[in-house]
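Structural description and commentary
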Amino acid sequence: MASRKGEFGEPVVLDVEGFDVRVSSPQRVYFAARGETKLDLVNYYLSVGDGIVRALRERPCMLHRFPDGVSGPKVHQKRLPRGAPPWVETVRLHFPRYGLHADELCVTRLADVAWAVQMSTVEFHPWNSRRADTEKPDEWRIDLDPMPDAPFSRVRRAAQVTHEVLDELGAVGWPKTSGGSGLHVYVRIAPDHGFGDVRRAALAFAREVERRLPDDVTTTWWRKDRDPGAVFIDYNQNARDHTIAAAYSVRGNATGTVSTPIRWDEVDDVEPRELTIATVPARFAALGDLHAGIDDAVFDLAPLLEWADRDEAQGALPPPEPEDDTGRP
C-alpha cells in the first residue's frame, strides 16, 4: 500500500561504516506486538552487525520483504530489488528448471544489510554455498522441524542427540533457534561436494539420530505420512536453492523473533519466543557472536557419505528430488 509523503516520518540517512543508507518511512510500524518500526529494525541489524554479516557473507541471499510491515503481504525476492546503490554486490545464479538467471544480493558489508532493510527486507535467507562456487556448499544445515503436535521438549531431545552424534563424528555443530518452533544446527564443511552429496550425507546423519530416538524423530519423506508428534529432521534444507533464515535474521511475525545462536548448554532451557529484536541486542553485546568460530571448524563429509552408501546398500532409498518450493526467480 502506497503511503502519503511524510506519513511515516521524514527519511533519515545513516552512516553505516562509511556508506550512506537512506531509510524512508522510518516510523512505519513493522511489528505490532510492541510497535517496533522500520528504523528500529535497521538499528537491530546494526546492533548485531558482525553476526549477521558473518552469516550472510559472500552467499546468494533471498530476501523476504514486507513493504507494509509483517502484518501485510510478504514478497519472496530472489533478484536484487531495483534502485540498489553501486556498492551493493550480487551473485548470478542459474535456475535450470526455468532456463533463467537471477542476480541475488551478495552481502559483503553491513551497509548491504541496512540497505536491504530499507527495501523492506525483514528476513534474510542465504544459500549454503558462497559466490566463489555456488554449486559447492560449505555449510551443512540440520533443521529440527517439529510437526504440529510435537512439544518443544522433543526438539530439545533431538538437539542433544544431534550434539552427541556430531561429537562422535568429530564435527563441531553451531546451534541456533529457528525464530519459530524449531532449532537449527550448522556445520561448516569443505566445499568439495555438490548439493546432492551434501543432502545424502545430511539424510544419513538424520537416520542415525532417528535410530537413537525412534519415538521422537522422523525422516519420513511425505508430510502426510509423518507422526504429527515427531520432530522431522529436514535434510531437504541442503538441496540446491532451499534456504532457511540466517543466524540473527528476524522473522516475519508480530513479536519480531530472531533466529538466535545459542550455546549447547542452553538447549535445555532456551525459550525461543523470548529471543526478539527487543532482547537479542543486549544478549549480543554481552556474549558477542556465538558463531564467531564457525569458519575455523571445518568437517569432512566422507564418514557420512560412507553411512549413506551403507544405508543404500541395505535397502534404504536415496532421497528423491525435492520439490522446487521457492518459485520462479
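1. A look at the overall build of the chain
Regarding its fold elements, the chain presents seven helices and 15 strands. Its C-alpha radius of gyration of 20 Å places the chain within 12% of the 20 Å reference for a compact globule of 329 residues. Projecting the C-alpha coordinates of the chain onto the three principal axes gives extents of approximately 65 × 45 × 40 Å. Relative to all contacts within the chain whose residues are 6 or more apart in sequence, the contacts with residues 24 or more apart total 70%.

2. With respect to the side chain of aspartate 311
Relative to the elements of secondary structure, aspartate 311 occurs in helix H7 (residues 302–313). On the basis of relative accessibility, which here comes to 3%, the residue aspartate 311 falls in the buried class. Here arginine 211 takes part through its side chain, which lies 2.9 Å from a polar atom of the side chain of aspartate 311. If we ignore the near neighbours within four places in the chain, the residues touching aspartate 311 are Ala204, Arg207, Arg211 and Ala316.

3. A few points about the nonpolar core
Membership of the largest hydrophobic core comes to 83 residues, with the highest contact counts inside it found for Phe124 and Trp140. The element contributing the most residues to this core is helix H5 (residues 195–212), with eight residues.

4. Re the side chain of aspartate 112
Residue position: aspartate 112 is located in helix H3 (residues 110–118). Beyond its immediate chain neighbours, meaning those up to four positions away, aspartate 112 contacts Trp87, Val88, Leu105, Cys106 and Val107.

5. Brief notes about H7
In this model H7 runs 16 Å from its N-terminal to its C-terminal C-alpha over twelve residues, within 8% of the 16 Å that 1.5 Å per residue would give. If you follow the buried residues of H7, they end up packed against strand S10 (139–146), helix H4 (152–169), H5 and strand S15 (298–299).

6. Observations concerning empty space enclosed by the protein
What the rule picks out here adds up to two cavities of 30 Å³ or more. Computed from the structure, the largest cavity encloses a volume of approximately 110 Å³. With three residues, the top contributor of residues to the lining of the largest cavity is helix H2 (residues 49–56). Its residues placed into classes, the lining of the largest cavity shows seven nonpolar, two polar and five charged. Estimates place the volume of the second largest cavity at around 40 Å³. Tyr248, Thr260, Pro261, Val280, Arg283, Phe284, Leu287, Gly288 and Leu290 are the residues that line the second largest cavity. Classifying every residue of the lining of the second largest cavity by side-chain character gives six nonpolar, two polar and one charged.

What counts as what
- The residue count restarts for each chain, going from 1 along the sequence in the order it is written.
- Given that this is a predicted model, residues contribute local features only at a pLDDT of at least 70 and side-chain atom pairs are listed and counted only at 80 or more, while totals for whole chains, interfaces and linings are drawn from all residues.
- With hydrogens and water excluded, all non-hydrogen atoms of the structure serve as input to the side-chain values.
- Each helix corresponds to a stretch of at least 4 residues labelled H or I by DSSP, and each strand to a stretch of at least 2 residues labelled E; elements are numbered beginning at the N terminus.
- With the radius of gyration taken over C-alpha atoms, the globule rule is written as 2.2 Å times the number of residues to the power 0.38.
- Should any heavy atoms of two residues lie within 4.5 Å, those residues are counted as being in contact.
- Residue exposure (1.4 Å probe, protein chains only): buried if accessible area is under 20% of the type maximum, exposed if over 50%, otherwise partly exposed.
- Two N or O atoms count as a polar contact when they lie within 3.5 Å, although within protein this holds only if one can serve as hydrogen donor and the other as acceptor, and sequence-adjacent residues are included solely when both atoms are side-chain atoms.
- We call a set of buried residues a nonpolar core when its members are Ala, Val, Leu, Ile, Met, Phe, Trp, Tyr or Cys and they connect through side-chain atoms within 4.5 Å of each other.
- Multiply 1.5 Å by the residue count of a helix minus one, and that product is the helix's expected span.
- The way it works is a 1 Å grid over only the protein atoms, where trapped points that fit a 1.4 Å probe form a cavity and open points with protein on both sides within 12 Å along at least five of seven lines form a pocket, and then any residue with an atom within 4 Å of a point lines it.
- Grid points are joined across faces, edges and corners, and a volume is the space filled by probe spheres set on the points.
- Residues are grouped as follows: Ala, Val, Leu, Ile, Met, Phe, Trp, Tyr, Cys and Pro are nonpolar; Asp, Glu, Lys and Arg are charged; all remaining types, including Gly, are polar.

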